[in-house]
Amino acid sequence: MIVVLLGPPGAGKGTQGERIAAALGVPKLATGDVLRAAVKDGTRLGLEAKGYMDRGDLVPDAVILGIIKEALAQPTYAKGAILDGVVRTVPQAEGLAAATQELGTQVDVVLTFDIADDVLVERLSGRTTCDMTQKPFTGFAPGIPCPDGCGGTLVRRADDEPEAIRNRLRVYQAQTAPVLDWYVAQGANVQHIDAVGAFDAVTARALAAVGR
Ligand code: AMP
């Protein structure tokens, strides 16, 4: 099963994506995680992506489509994928459709996380992330050891600084919101869920929306 998670930054796609992946037994793929790992490792991909990411701009479509095609062809994703933040422009949605068709599969559900902008800004500006596992936390200062005890340290992502947050929301409206219209126009199975509320409640809504 291939599920596309759509929604603005801070809507909870990462956290809920993990939970949906665990419940469906299908791995999650997050281009943001792939790119951050590349930046950390100092690879060519990381060097190319870093500037865009720090500003909250989108990494070019050709780079993202390369990541998507390479990942989906791996045996890890043979049973499908929960795609978190992977499709952020209409050309990326078109590229994903072509890539899945080539693999003899397709996007089954597009799950859209609905949430107001002021809630997003509050969430993102209070967020820190484990530098080892990339798990997000709220209510913890940067610099302390990861509360999960994994040995990592909590850091503030450069793109969770206020100016970058505002830019990411602008970019979302301009470039990613049209992706939803594109899927609707394609006749895709588009499901909206209310992304505000307790983690478990949102997970239950998401699983109901994907038919579990
Ligand atoms: P995320 O962790 O999903 O918030 O992604 C962090 C940053 O990585 C984004 O602000 C973009 O700069 C970049 N990025 C991740 N996925 C994509 C994508 N599908 N298209 C373009 N840029 C992306």
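Since the model is a prediction, treat every value here as computed from it, not as a measurement. (Residues numbered from 1 in each chain as written. Predicted model: local features only at pLDDT ≥ 70, side-chain atom pairs only at ≥ 80, totals over all residues. Heavy atoms only, no water.)

Participant: Give a detailed account of the packing of helix 2 (residues 31-41) against helix 3 (residues 44-55), specifying residues and quantitative values.
Facilitator: At a closest axis distance of 8 Å, the pairing of helix 2 and helix 3 adopts a crossing angle of 115°. In terms of their interaxial angle, helix 2 and helix 3 are classed as roughly perpendicular. Classified by chirality, the crossing of helix 3 by helix 2 is left-handed. The residues of helix 3 that touch helix 2, namely those facing Gly32, Val34, Leu35, Arg36, Ala38 and Val39, are Leu45, Gly46, Ala49, Lys50 and Met53. Of the residues in the contact of helix 2 with helix 3, the class split is seven nonpolar, two polar and two charged. (Axes fitted to C-alpha atoms, helices over the stretch in contact; angles between N-to-C directions. Helix = DSSP H or I, 4+ residues; strand = E, 2+ residues; numbered from the N terminus. Parallel < 35°, antiparallel > 145°, perpendicular 65-115°, else oblique. Left-handed = near helix turned anticlockwise from the far one by under 90°. Contact = heavy atoms within 4.5 Å. Nonpolar A, V, L, I, M, F, W, Y, C, P; charged D, E, K, R; others polar.)

Participant: Any details on the site of the ligand? Residues and values, ideally.
Facilitator: By nearness alone, 16 residues border the ligand, and Thr31, Arg36, Asp57, Val86 and Gln92 come closest of all. Contact distances for the ligand include 3.1 Å between an oxygen atom and a side-chain N or O atom of Arg157. A distance of 3.4 Å separates an oxygen atom of the ligand from a polar side-chain atom of Arg168. When the free accessible area of the ligand is taken as 480 Å², the share hidden by the protein chains comes to 94%. Here the ligand is seated within the largest pocket. Across the shell around the ligand, the residue classes tally to six nonpolar, four polar and six charged. (Near = heavy atom within 4 Å. Polar contact = N/O pair within 3.5 Å; in protein donor to acceptor, adjacent residues only side chain to side chain. Areas by Shrake-Rupley, 256 points an atom, 1.4 Å probe, with all protein chains shown as cover. 1 Å grid on protein atoms, 1.4 Å probe; cavity = no way out; pocket = protein on both sides within 12 Å on 5 of 7 lines; lining within 4 Å. Sits in = over half its atoms within 2 Å of the grid points.)

Participant: Describe the layout of surface pockets, listing the residues and the values that go with them.
Facilitator: Estimates place the volume of the largest pocket at around 1,200 Å³. Lining the largest pocket are 47 residues, and of these Gly10, Gly14, Arg127, Pro136 and Arg157 sit closest to its centre. Looking at the lining of the largest pocket, the elements that each hand over two or more residues are helix 1 (13-24), strand 2 (28-30), helix 2, helix 6 (117-125), strand 5 (127-130), strand 6 (136-138), helix 7 (162-185) and helix 8 (199-209). Considering every element that reaches the lining of the largest pocket, the biggest residue donor is helix 1, with six residues. In this model, the second largest pocket occupies a volume close to 330 Å³. Around the second largest pocket sit 15 residues that line it, and Arg36, Val39, Val155, Arg157 and Ala158 are the ones nearest its centre. Of all the secondary-structure elements, those providing two or more residues to the lining of the second largest pocket are helix 2, helix 3 and strand 5. A per-class count over the lining of the second largest pocket returns five nonpolar, two polar and eight charged. (Points joined across faces, edges and corners; volume = space filled by probe spheres on them.)

Participant: Please give an account of helix 8 that cites residues and values.
Facilitator: Looking only at helix 8, the buried set comprises Val202, Thr203, Ala206, Leu207 and Ala209. The arc that holds every buried residue of helix 8, seen down its axis, measures 160°, which confines them to one face. Residues of helix 8 that are exposed and point over 90 degrees away from its buried face: Asp200 and Ala208. Gly211, located one to two residues past helix 8, shows a positive phi value of around 90°. (Buried < 20%, exposed > 50% of the residue type's maximum accessible area, 1.4 Å probe, protein only. Arc of directions from axis to C-beta.)

Participant: For the side chain of Arg157, give the residues involved together with the corresponding values.
Facilitator: Assignment of secondary structure puts Arg157 in the loop between strand 7 (154-155) and helix 7. With a relative accessible area of 15%, Arg157 lands in the buried category. Of the polar contacts made by the side chain of Arg157, one reaches the side chain of Asp159; its length is 2.9 Å.

Geometric values such as these leave the question of function open.
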